[in-house]
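Take a look at the letters that make up each chain.
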Amino acid sequence: MAPILDVLAIPGSLRERSFNAALARALVELAPEGTDIEVVDIRPIPLYDGDLDTDERRPEAVSSLKRRIAAAGAVIFVSPEYNHGVPGVLKNTIDWVSRPAFRSPMAMKPCGMMGAAPGLSGTMRGQQILKVVLLGMASQIFPHPGVAVSRAKEKFDEALRLTDEGTRSFIAGYLEEFAAWARRVRPPPTEDHAAGS
Ligand code: FNR
């Protein structure tokens, strides 16, 4: 049997009743066999400060996330778009884990993305910007038309459980394809990445 693929789902919203955090939790349930998905809490990540981005001073929350990304087989970002772009809290997290440039735990990391929004447009514009950001740190991006959960209020119940059957099965299919792709393209871990420096 193939080894388990560990995937981190990183939400781009801190809101208690965030649709995107709820979507990330739904991924855990919908993970295909042989794939473990874990949701990351980015609340402990402080604002990026280059003076603290040294081995001596780096905040433990950042080092810990870098180690988790290094150990993971893939990452899925689950984010709203803010003003057609990437929310600051997510961009801030990405900036921390993107160093050292091109040798960070994000370098060559297989990445997917999706998002939920109450409106019609979903999150596709923000996802296009996120792709540019990820390419800037040499991550690999899953070539897929995209997953955007529009009209989110109709797709989640009061307890923020993803209840829309069509959306659930579409996402389950996405995760199958994503996991197969990530297994094909993921690079072996290097010492740099494993150290989470
Ligand atoms: C938004 N929202 C939003 N929606 C959208 O479809 N396109 C956009 O560009 C924006 N821009 C935007 C900016 C800011 C600052 C906020 C606070 C909100 C609405 C957004 O989709 C909605 O608040 C979602 O519910 C946010 O995601 P969570 O927190 O539910 O995960």
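Nothing here was measured: the structure is a model prediction, and the numbers come from that model.

*Asks:* Run through the site of the ligand, naming residues and quoting values.
*Replies:* Surveying the vicinity of the ligand reveals 15 residues, the closest of which are Ser13, Arg15, Ser18, Asn20 and Glu81. Residue Phe19 places a main-chain N or O atom 2.9 Å away from an oxygen atom belonging to the ligand. One nitrogen or oxygen atom from the main chain of His84 is found 2.9 Å from an oxygen atom belonging to the ligand. When the ligand is considered free in solution it has 620 Å² of accessible area, and contact with the protein chains removes 70% of it. Split into classes, the residues belonging to the shell around the ligand amount to five nonpolar, seven polar and three charged.

*Asks:* Explain the pairing of strand E3 (residues 74-78) residue by residue, including any values.
*Replies:* In terms of burial, E3 is a largely internal element, five of the five residues being buried. Neither face of E3 is exposed, since Ala74, Ile76 and Val78 on one face and Val75 and Phe77 on the opposite face are all buried. Where E3 meets strand E4 (residues 110-116), four bridges bridge the pair, whose relative direction is parallel. Residue pairing across strands places Val75 opposite Cys111, the latter belonging to E4.

*Asks:* So what about the packing of aromatic side chains? Which residues, and what values?
*Replies:* Counted by the stated rule, this structure contains seven aromatic pairs. Consider the rings of Phe19 and Phe156, whose centres lie 5.6 Å apart with planes at 40 degrees: the pair is tilted. In this pair, Phe19 sits in helix H1 (residues 19-30) while Phe156 sits in the loop between helix H5 (152-155) and helix H6 (165-185), placing the two residues 137 residues apart along the sequence. The exposure class assigned to Phe156 is buried, which follows from its relative accessible area of 6%. Taking 5.2 Å as the distance between ring centres and 40 degrees as the angle between the ring planes, the aromatic pair formed by Phe142 and Trp181 counts as tilted.

*Asks:* Break down the environment of Gly50 for me, citing the residues and quoting the values.
*Replies:* By the secondary structure assignment, Gly50 is in the loop between strand E2 (35-39) and helix H2 (60-71). For Gly50, a relative accessible area of 42% corresponds to the partly exposed category. When the C-alpha atoms of Gly50 and Arg151 are compared, they prove to be 39 Å apart, with 101 residues separating the residues in sequence.

*Asks:* Outline the side chain of Lys66, supporting the account with residue identities and numerical values.
*Replies:* Within the secondary structure, Lys66 sits in helix H2. Despite being buried, Lys66 has no salt bridge partner; Asp53 is the closest side chain of opposite charge, sitting 4.8 Å away. A polar side-chain atom of Lys66 sits 2.7 Å from the main-chain carbonyl oxygen of Arg99.

*Asks:* Give a detailed account of H2, specifying residues and quantitative values.
*Replies:* For H2, built from twelve residues, the straight-helix expectation of 16 Å at 1.5 Å per residue is met to within 8% by its first-to-last C-alpha distance of 16 Å. Regarding H2, the residues found buried are Val62, Ser63, Leu65, Lys66, Ile69 and Ala70. Along the axis of H2, the buried residues cluster in a sector spanning 165 degrees; they form a single face. In this structure, H2 carries Glu60 and Ala71 as exposed residues pointing more than 90 degrees from its buried face.

*Asks:* Explain the packing of H1 against H6 residue by residue, including any values.
*Replies:* At a closest axis distance of 10 Å, the pairing of H1 and H6 adopts a crossing angle of 70 degrees. The angle between H1 and H6 places the two elements in the roughly perpendicular class. In this structure, H1 crosses over H6, and the sense of that crossing is right-handed. On H6, the residues touching Leu23, Leu27, Glu29 and Leu30 of H1 are Arg168, Ile171, Ala172 and Leu175. For the contact of H1 with H6, the class distribution of residues is six nonpolar, no polar and two charged.

What counts, and at which threshold
Residues numbered from 1 in each chain as written. Predicted model: local features only at pLDDT ≥ 70, side-chain atom pairs only at ≥ 80, totals over all residues. Heavy atoms only, no water. Near = heavy atom within 4 Å. Polar contact = N/O pair within 3.5 Å; in protein donor to acceptor, adjacent residues only side chain to side chain. Areas by Shrake-Rupley, 256 points an atom, 1.4 Å probe, with all protein chains shown as cover. Nonpolar A, V, L, I, M, F, W, Y, C, P; charged D, E, K, R; others polar. Buried < 20%, exposed > 50% of the residue type's maximum accessible area, 1.4 Å probe, protein only. Helix = DSSP H or I, 4+ residues; strand = E, 2+ residues; numbered from the N terminus. Pairing = 2+ DSSP bridges. Phe/Tyr/Trp six-rings, centres within 6.5 Å; stacked < 30°, edge-to-face > 60°. Lys, Arg positive; Asp, Glu negative; His and termini not counted. Salt bridge = Lys/Arg side-chain N within 4 Å of Asp/Glu carboxyl O. Expected span 1.5 Å × (residues − 1). Arc of directions from axis to C-beta. Axes fitted to C-alpha atoms, helices over the stretch in contact; angles between N-to-C directions. Parallel < 35°, antiparallel > 145°, perpendicular 65-115°, else oblique. Left-handed = near helix turned anticlockwise from the far one by under 90°. Contact = heavy atoms within 4.5 Å.

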